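Each chain, written out:
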Amino acid sequence: MTLEPVTLSMPPEMIRGLERIAEARDLTPGQIVRGLVEKELKRNTGAKTPNRADEPLVARLQRLLAADMASANGWADLAGR
């Protein structure tokens, strides 16, 4: 992978925080920033759209709530459960 230099302006306290995180993880500040940018790019260009539900989360919630939803006599009853 070819890397091109980029200049960022950040407040000094942010730079110190970045350096502390990088040192604790035995990484360079550049590796931390590249990882964050990569995550953000994936989040914005991934297969999921922002409106698409997290399917594993929905499945867990359905399992958790199935009995209460089946037994409820209405919205008020469901909310009470």
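Just so we're clear, the structure is a prediction, and the values are computed from it rather than from any experiment.

(A) Local environment of the layout of surface pockets. Of the volumes computed, that of the largest pocket is approximately 460 Å³. Surrounding the largest pocket, 17 residues form its lining, Glu-4, Val-6, Gly-30, Val-33 and Arg-34 being those nearest its centre. Counting residues per element, the ones that place at least two in the lining of the largest pocket are helix H1 (12-24) and helix H2 (29-45). Considering every element that reaches the lining of the largest pocket, the biggest residue donor is H2, with eight residues. Of the residues contributing to the lining of the largest pocket, the split by class is 11 nonpolar, two polar and four charged.

(B) Representation of the pattern of salt bridges within the structure. Going through the model one piece at a time under the given rule, you end up with three salt bridges. The shortest N-O distance in the salt bridge between Lys-42 and Glu-38 comes to 3.7 Å. On the criterion of helical spacing, the pair formed by Lys-42 and Glu-38 is a turn pair, its members being four residues apart in helix H2. Under the relative-accessibility criterion, Lys-42 is labelled exposed at 55%. Residue Glu-38 is classed as partly exposed on the basis of its relative accessible area, which comes to 45%. The partner of Glu-40 in a salt bridge is Arg-43, with the nearest N and O atoms 2.6 Å apart. On the criterion of helical spacing, the pair formed by Glu-40 and Arg-43 is a turn pair, its members being three residues apart in helix H2. When its relative accessible area of 37% is taken as the criterion, Glu-40 is described as partly exposed.

(C) A look at a nonpolar patch on the surface. On the surface, Leu-57, Leu-61, Leu-64, Leu-65 and Met-69 cluster together to form a nonpolar patch covering roughly 480 Å² of accessible area. Relative to the elements of secondary structure, Leu-57 occurs in helix H3 (residues 55-71). Judged by relative accessible area, which is 38%, Leu-57 ranks as partly exposed.

Conventions we followed
Residues numbered from 1 in each chain as written. Predicted model: local features only at pLDDT ≥ 70, side-chain atom pairs only at ≥ 80, totals over all residues. Heavy atoms only, no water. 1 Å grid on protein atoms, 1.4 Å probe; cavity = no way out; pocket = protein on both sides within 12 Å on 5 of 7 lines; lining within 4 Å. Points joined across faces, edges and corners; volume = space filled by probe spheres on them. Helix = DSSP H or I, 4+ residues; strand = E, 2+ residues; numbered from the N terminus. Nonpolar A, V, L, I, M, F, W, Y, C, P; charged D, E, K, R; others polar. Salt bridge = Lys/Arg side-chain N within 4 Å of Asp/Glu carboxyl O. Buried < 20%, exposed > 50% of the residue type's maximum accessible area, 1.4 Å probe, protein only. Patch = residues over 30% accessible without salt bridge, like charges linked within 9 Å, V, L, I, M, F, W, Y side chains within 5 Å. Areas by Shrake-Rupley, 256 points an atom, 1.4 Å probe, with all protein chains shown as cover.

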